[in-house]
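Descriptive structure summary
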Amino acid sequence: MSTETATKSKNDEQRAATASIKQLRAQEAASAMREYQQERLVVLARTEQLRALRLSRDSQPANDQISNNQVPAAGKARSSKQRNSSKQQTSKPSR
C-alpha cells in the first residue's frame, strides 16, 4: 500500500505541476495577445495620421502646380537637354 500511495502522490504532483504550467502559459499567451493588439492599434492610428498628412500634402501642390504651369516664365533659358535635342535635329546629314 505504501507504494500505491507514493505513486498516487507523485501523479497528483505531476498533474498539479502540469496544470500550473498550462495556466502560466495561458496567462502569458493572453498577455502577449493584449500587447500585440495594443501595438496594432498604435500602428493603425499612426498610419491614419500619416495618410491624412500625405493626402493634405498631395492636394496642396496640385493646386500650386496648376497655377505655376499655366503661366510660363518669360525669357527663361532652355535646359541643356532641350538645347542638345535641337542640335541633334538640325545636324542630321542630308542625302
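Refer to the structure presented above.
Residues numbered from 1 in each chain as written. Predicted model: local features only at pLDDT ≥ 70, side-chain atom pairs only at ≥ 80, totals over all residues. Heavy atoms only, no water.

Comments concerning the overall build of the protein chain
Quick note on the threshold: What counts as a helix is a DSSP run of H or I of at least four residues, what counts as a strand is a run of E of at least two, and both are numbered from the N terminus. Residue burial considers only the protein chains on display, and all accessible areas are found by Shrake-Rupley using a 1.4 Å probe.
Helix and strand content of the protein chain: two helices and zero strands. Of the roughly 9300 Å² that the protein chain leaves accessible, carbon and sulfur atoms contribute 53%.

Some thoughts on the pattern of salt bridges
The test is simple: In the sections that follow, a salt bridge refers to a side-chain nitrogen of Lys or Arg positioned within 4 Å of a carboxyl oxygen of Asp or Glu. Here the term buried applies to any residue with accessible area under 20% of the maximum for its type, exposed to any over 50%, and partly exposed to those in between, with areas from a 1.4 Å probe on protein chains only.
In this structure the tally under the stated criterion is three salt bridges. Across the pair glutamate 48 and arginine 51 runs a salt bridge, and its minimum N-O distance is 3.1 Å. In this pair, glutamate 48 and arginine 51 both sit in helix α1 (residues 2-70), three residues apart, roughly one turn of the helix. Relative accessible area serves as the criterion here: at 45%, glutamate 48 is assigned to the partly exposed category.

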